[in-house]
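One letter stands for each residue in the lines below.
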Amino acid sequence: MDIGLTSLFQTNTHVTETATEEINTTGCDGLPELSQDTRMTVSGESHKETNDRKMEVLSTKTKTRIGFWNVRTMYETGKLAQVTAEMRRYNLHILGISESRWTGSGRYRTNTGETVLYSGRDDNQHHEGVAGILRKGMEKCLMEWKPISSRLMKIRMKGKHINITIMHCYEPTNNSKEESKDTFYDQLQAKLESTPHHEIKRMIVDLN
């Protein structure tokens, strides 16, 4: 699908189940232990900081590939390495993950250079959870990200001519409580309405 700025490809597939000790950035499980100086909290870069960097992606001369996988869990040793290896094999720039089952929210850089953004439950229950993985170098385009809930996350990327907002959604199942469904859609609507109208908007969705 050609949208002028970039071509976005949405891929739905399953990664084979393949496990990790608990750490607590704000409760991320399944990630290697981090030293204090490499731990990062939820944050965004200023427009000036982003604009000052050389843009290597998200321009009119490049194609940006966005994938989306339900991996059933990331709460296993070696699963993150497996998923990022598959991400590189498919040559994806941005990968959305649903059912990550990590708790809390945070930001982490892998040993191979990918940036992981995750949003999960805050009650230490390893259910649901969404995550976004940026290919090495893509972090230069990251303007901000917002962990909204264990089913919803917003990522804004800086483009050379126009910015892109990606809404990562893991929708409640049909047998979920009506209150949970209403909360999810209210949050989604509010975040979409707060996005600048001139930005490109893309949703990567697990419809359940």
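Residues numbered from 1 in each chain as written. Predicted model: local features only at pLDDT ≥ 70, side-chain atom pairs only at ≥ 80, totals over all residues. Heavy atoms only, no water.

**Q** Quick one: what's the story with the overall build of the chain, residue by residue and with numbers?
**A** Scanning the chain for helices and strands turns up three helices and 10 strands. Reading the chain from its N terminus to its C terminus gives the helix and strand order β-α-β-α-β-β-β-β-β-β-β-α-β. Summing over all exposed atoms, the chain offers an accessible surface of approximately 10300 Å²; the carbon and sulfur share of this is 47%. (Helix = DSSP H or I, 4+ residues; strand = E, 2+ residues; numbered from the N terminus. Areas by Shrake-Rupley, 256 points an atom, 1.4 Å probe, with all protein chains shown as cover.)

**Q** Could you give an account of helix α3 (residues 178–193), naming the residues involved and the relevant values?
**A** Its 16 residues place the ends of α3 22 Å apart at the C-alpha level, agreeing with the 22 Å of an ideal helix rising 1.5 Å per residue. Among all positions in α3, only Lys181, Phe184 and Leu188 are buried. Relative to the axis of α3, the buried residues are bounded by an arc of 65° and lie together on one face. Seen from the open side of α3, the exposed residues pointing more than 90 degrees away from its buried face are Glu178, Glu179, Asp186 and Glu193. Check the buried side of α3 and you find it contacts β8 (152–157), β9 (164–170) and β10 (200–206). (Expected span 1.5 Å × (residues − 1). Buried < 20%, exposed > 50% of the residue type's maximum accessible area, 1.4 Å probe, protein only. Arc of directions from axis to C-beta. Contact = heavy atoms within 4.5 Å.)

**Q** Which residues make up the sheet that holds β9, and what are the values?
**A** Here we have four strands laid out as an open sheet, ordered β7-β8-β9-β10, and mixed in their pairing. Of all strands in the sheet, those bounded by a partner on one side alone are β7 (142–149) and β10. Neighbour-to-neighbour, the strand axes of this sheet turn through a mean angle of 15°, independent of strand direction. Judged from the seven bridges that link them, β9 and β10 form a sheet pairing that is parallel. Looking at the pairing, Ile164 lines up with Ile200 of β10. Docked against the sheet, α3 engages β7, β8, β9 and β10, running at close to 180° with respect to β9. (Pairing = 2+ DSSP bridges. Axes fitted to C-alpha atoms, helices over the stretch in contact; angles between N-to-C directions.)

**Q** So what's going on with helix α2 (residues 79–89)? Which residues, and what values?
**A** Listed as buried for α2 are Lys79, Leu80, Gln82, Val83, Thr84 and Met87. Those residues of α2 hidden inside the fold are in contact with β2 (66–70), β3 (94–98), β4 (105–109), β5 (115–119) and β6 (130–134).

**Q** Before we move on, can you summarise the pairing of β3 with the specific residues and values?
**A** In terms of residue burial, β3 counts as a mostly covered element, since five of its five residues are buried. Side chains Ile94, Gly96 and Ser98 project from β3 onto one buried face, and the interleaved Leu95 and Ile97 project onto a second face that is buried too. Across five bridges, the pairing between β2 and β3 is parallel. Bridging from a neighbouring strand, Asn70 pairs with Ser98 of β3. A crossover connection joins β2 to the parallel β3 through α2; in handedness this β-α-β unit is right-handed. Bridge count between β3 and β6: five bridges; the pairing is antiparallel. Bridge assignment links Leu95 to a residue of β6, and that residue is Ile133. (Right-handed = clockwise from strand over helix to strand, strands pointing away.)

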